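Observations on the three-dimensional arrangement
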Amino acid sequence: MKTLITNGLVVNSTGTALADVLIDGETIAAVLAPGSQLLGFDVAANVDAVIDARGKYVIPGGIDAHTHMEMPFGGTSASDTFETGTRAAAWGGTTSIVDFVVQYAGENVIDQYTLWQAKAAGQCAIDYGFHQILSDVQDSSLVAMDELLKEGVSSFKLFMAYKGVFLSDDGQITKAMQKAASNGSMIMMHAENGSVIDLLVQQAIAAGNTSPYFHGTTRPWQAEEEATHRAIMLANLTGAPLYVVHVSAKQAVAQIATARDAGQNVFGETCPQYLYLSLEEQLAASSTEWGTFEGAKWVCSTPLRSREEGHQHHMWQSLRTNDIQMVSTDHCPFCMKGQKDMGLNDFSKIPNGIGSVEHRMDLLFQGVVDKQISLERWVEVTSTTPARMFGMYGKKGVIQPGADGDVVIYDPNGHTSIGFGEGRSHHMNMDYSAWEGFEIDGHVDTVISRGKVIVDDDRYLGTKGDGQYVPRGLSQYLI
Ligand SMILES: [Zn+2]
């Protein structure tokens, strides 16, 4: 199967060009001058399909490097399976995810990895890779870090919060970092001071402050900044590269920027919710259906920050200046009925997470429209950098000969209304949208995954199991 995408504006992170893109089988074969003449040879006449992308952007498929499909958490599981979550991702122009294998304290790392591979096999609409979560860092976990590297798992996530569930103490973190420094893998960090947060949560509940708003106030920016700084120091001590996930506080950004300016291999990720949503507007929301529990829809950790304090504005700025390098979703959806409502009388029992995997490309494109980031930077923070950060670049994250045929045709003159109801877009397996009512001045027209059109003109054309496992190399930002 040969497909030619004609007349589009090809957007890579390095620049734009009017060009035709030829996909042969699963791979991009050529990027040609428009008009598809090659030394007198009419390319368009010799392919199986021609897609006219006049007036549209032709971009590398989105890569969401932080998702939690069907993750077990707080006595329930994230409501999107690998099947439903990756299909929703495809709808939104994302053609690869990197999900997290969960190892809770006491479990064996390799057993869990095997389990997660089995969960995802044959289910996914788009390509997928895995990071490995390490909870208690046992001796066997250190051995597993070497073994998993051979399986294409080159990044390991640790937690400084969620005591008794995920939390690693500083000694355990240091041990895992020493291993990462020696085998070249990346340490990913959930950077919040868990002991401080646990205390503030206990005190809030005891004082009768049980609504979702207090989820935000009991996870203050100081707890994020402190943990971010501590993680940076331990990475500095051991020489491990460090990737801080879901950065939400401007003070944590400052810690990352300082370390980067000093030459340390430290990277930061933020998420759409920290660019758009806030403590005052969402966590403090109330409705007739849910009262002040409405805010549970946006309970995630790190929490939404205060707009009064200017975190959202600062986060966009950090994306422009490269103090923050990329945007993932931390997609971890839970329904209000039967899941989030476990915390009706106690916010600390609300499963933490927001569903966004479908909307990341659109939400960040709106940042282009609003002049927060450039067109090329949009591609960079949603596709190219995730590919480079996690060892997939060349195959993913770029439109060039030899790359996988993961291509999105995006219409800047189209429109997307997010949410439930007629004419609105929502395909994630949730009973609400955290993005209800958001209007996007753009539209995902066509999504091609390794040469196969899986979404076109608001129709899903893919099949369960189209997606393949992507073994990853080491981060391409490291020498
Ligand atoms: Zn996460």
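In short, a report on the structure. The shown structure was predicted, so the numbers you read here are calculated from the model rather than taken from an experiment.

Analysis parameters
Residues numbered from 1 in each chain as written. Predicted model: local features only at pLDDT ≥ 70, side-chain atom pairs only at ≥ 80, totals over all residues. Heavy atoms only, no water. Salt bridge = Lys/Arg side-chain N within 4 Å of Asp/Glu carboxyl O. Helix = DSSP H or I, 4+ residues; strand = E, 2+ residues; numbered from the N terminus. Buried < 20%, exposed > 50% of the residue type's maximum accessible area, 1.4 Å probe, protein only. Core = buried A, V, L, I, M, F, W, Y, C linked by side-chain atoms within 4.5 Å. Contact = heavy atoms within 4.5 Å. Donors = N, O, S within 2.8 Å, 3.2 Å for Na, K, Ca; no water.

Observations concerning the pattern of salt bridges
What the rule picks out here adds up to 22 salt bridges. We note a salt bridge from Asp146 to Lys179, for which the minimum N-O separation is 2.7 Å. Here Asp146 is found in helix H3 (residues 139–150), whereas its partner Lys179 is found in helix H4 (residues 170–183), with 33 residues between them in sequence. Residue class for Asp146 comes out partly exposed when judged on its relative accessible area of 30%. Overall, the relative accessible area of 19% leaves Lys179 in the buried class.

Regarding unusual backbone geometry
A cis geometry characterises the amide bond from Ser301 onward to Thr302, with omega recorded as 0°. On the secondary structure map, Thr302 appears in the loop between helix H10 (279–283) and helix H11 (311–321). Phi angles above zero are rare outside glycine, and Lys371 is one such case at about 65°. If you trace the backbone, Lys371 turns up in the loop between helix H12 (360–369) and helix H13 (375–389). In this structure, Asp458 takes a positive phi of about 60° despite not being glycine. Following the sequence through the fold, Asp458 ends up in the loop between strand E22 (452–456) and strand E23 (459–460). Under the relative-accessibility criterion, Asp458 is labelled partly exposed at 48%.

Side note on the nonpolar core
In this structure, Ile187, Met189, Leu242, Leu364 and Trp378 are the most contacted members of the largest nonpolar core, which totals 131 residues. When sequence neighbours within four positions are dropped, the list of residues in contact with Leu364 reads Pro272, Leu275, Trp316, Leu319, Val327, Ile373, Trp378, Val381 and Thr382. Grouped together as the second largest cluster of nonpolar side chains are 15 residues, Ile23, Ile28, Ala53 and Val58 included.

Things to note about the coordination of the zinc ion
Looking at the zinc ion, one finds its protein donor set to be His66 (NE2), His68 (NE2) and Asp330 (OD), positioned 2.0 to 2.2 Å from the metal centre. For the zinc ion, the single-chain donor residues occur in sequence as H-x1-H-x261-D. With a gap of 262 residues between them, His68 in the loop between strand E8 (62–67) and strand E9 (72–73) and Asp330 in the loop between strand E17 (326–327) and H12 connect regions that are remote in the sequence. Assigned by exposure class, His68 and Asp330 land together as buried.

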